[in-house]
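Next come the chains, spelled out residue by residue.
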Amino acid sequence: MSDPQLLSAWAGHWTGAGTGVTVIVPPPGTVGSGEVRGGAPATREFALLDPTRLVDRVDAVVLSGGSAFGLAAGDGVLRELRARGSGFATPYGPVPIVVGMSLFDASVAGTPPAAADGKAALLAALSGEAFATGAVGAGAGATTGKWRGRADPGGVGVAQRAAGAASVVAVAVVNAWGDVITPTAPFTPNISEMSEEKPFVAGNTTIAVLLTDARLSKNDCFLLAQSGHTGFARALHPAHSRYDGDAVVALATGEVAEADLDLIRGVAAEVMAEAIQNAVLI
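This is a predicted model, so every value here is computed, not measured. (Residues numbered from 1 in each chain as written. Predicted model: local features only at pLDDT ≥ 70, side-chain atom pairs only at ≥ 80, totals over all residues. Heavy atoms only, no water.)

K.L.:
Please explain the nonpolar core as it appears in this structure.
P.N.:
One recurring pattern in soluble globular proteins is that nonpolar side chains are buried together. V168, V174, L210, L216, I264, M272 and I276 are the most contacted members of the largest nonpolar core, which has 34 residues in total. Mapped onto this core, the elements with two or more residues apiece are β9 (155-163), β10 (166-174), β12 (206-214), α4 (218-235), β14 (247-256) and α5 (261-281). For this core, the leading source of residues is α5, giving 10 residues. For I276, the residues in contact, after removing those within four places along its chain, are A172, V174, V180, G231, F232, A235 and L236. V58, V61, V173 and L211 belong to the second largest nonpolar core, which has 25 residues in total. (Core = buried A, V, L, I, M, F, W, Y, C linked by side-chain atoms within 4.5 Å. Buried < 20%, exposed > 50% of the residue type's maximum accessible area, 1.4 Å probe, protein only. Helix = DSSP H or I, 4+ residues; strand = E, 2+ residues; numbered from the N terminus. Contact = heavy atoms within 4.5 Å.)

Laid out in structure tokens, this is it:
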């Protein structure tokens, strides 16, 4: 395989007509957990991320458009990783742990991402192709500001910061019901601007991955995912609405043994907010 694009993880896109898939493939042995706070999630294998569940490793995270239909993109990633020998060992061969999160875009009424598209995004990641941001991959059909009856640009954003000896990267796909709060577009709490249009007509949800090279436990990763949601609240208004499926997966690749979890969590909140802002500032 080629050199990874995000710390020691590979990341790539497949972009279709107003929808797409983004795949993140961490190195073997990566520990992961996650948390959903939005009221309308579309997820795959998310229950496995609970700290009380047996499996603590994640082989890939698939972000997609197409809502529940777009979760099918994970099938292509699952099969390709198994063909390459990746996954949780069982007597009948490896079972890759592929976590999926989808947002609602216009492809729900047309052609949402399918298994072949998930495989294409995986192969793009493993090829070393540069990881693009903006209206690409899972963010190709993303918009924001729908609580005001608007359809401002959304998309994919990335940010990275150091946390002591460790590093933290956030990848956010922003399709929020709310607004993105940026230095040039600060929070304006005028609730009278809320649109009377039913929110699900336009589609919503912000989905994200936090990646760190720190050595963390599964429970630590759960706490890290919670800090990612703090970043949502800093950069989106409103965040975590009942119309959004806001979800964060946190992955720890483990190269840095001496890491301060509280420092990493503090940095994670900031880097997530920055990634959300970068999705619309490019």
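K.L.:
Would you take a moment to explain the packing of aromatic side chains for this structure?
P.N.:
What describes a pair of aromatic rings is the distance from one ring centre to the other and the angle between the planes of the rings. Summed over the entire model, instances satisfying the criterion amount to one aromatic pair. A ring pair is formed by W177 and Y243, whose centres lie 4.8 Å apart and whose planes are at 70 degrees; its orientation type is edge-to-face. With W177 in the loop between β10 and β11 (179-180) and Y243 in the loop between β13 (236-237) and β14, this residue pair connects regions lying 66 residues apart in the sequence. Take Y243: its relative accessible area is 26%, and that puts it in the partly exposed class. (Phe/Tyr/Trp six-rings, centres within 6.5 Å; stacked < 30°, edge-to-face > 60°.)

K.L.:
Explain the sheet that holds strand β6 (residues 98-102) to me, please; I cannot follow it from the model alone.
P.N.:
Neighbouring strands of a sheet are bound in pairs by backbone hydrogen bonds; such pairs are parallel or else antiparallel. An order of β1-β2-β5-β6-β4 is seen for the five strands of this open sheet, with the pairing classed as mixed. Two strands lie at the open edges of the sheet, namely β1 (10-15) and β4 (43-44), each paired on one side alone. When strand β5 (residues 60-64) meets β6, the two strands line up parallel, connected through five bridges. What sits directly across from L63, in β6, is M101. Helix-sheet contacts for helix α2 (residues 73-83) involve β2 (20-25), β4, β5 and β6, and the interaxial angle to β5 is about 155 degrees. On the sheet, helix α3 (residues 115-126) packs against β1 and β2 and is oriented at approximately 135 degrees with respect to β1. (Pairing = 2+ DSSP bridges. Axes fitted to C-alpha atoms, helices over the stretch in contact; angles between N-to-C directions.)

K.L.:
Any chance you could explain the pattern of salt bridges here in plain terms?
P.N.:
Side chains carrying opposite charge are able to pair once their charged atoms draw close together. The final tally for this structure, using the stated rule, is nine salt bridges. One salt bridge connects E270 with R234, and the closest N-O pair in it is separated by 2.4 Å. Of this pair, E270 sits in helix α5 while R234 is found in helix α4, placing the two residues 36 residues apart along the sequence. On the basis of relative accessible area, R234 is assigned to the partly exposed category, the value being 43%. Each member of the salt-bridge network shares a partner with another, and the members are E80, R84 and K119. (Salt bridge = Lys/Arg side-chain N within 4 Å of Asp/Glu carboxyl O.)

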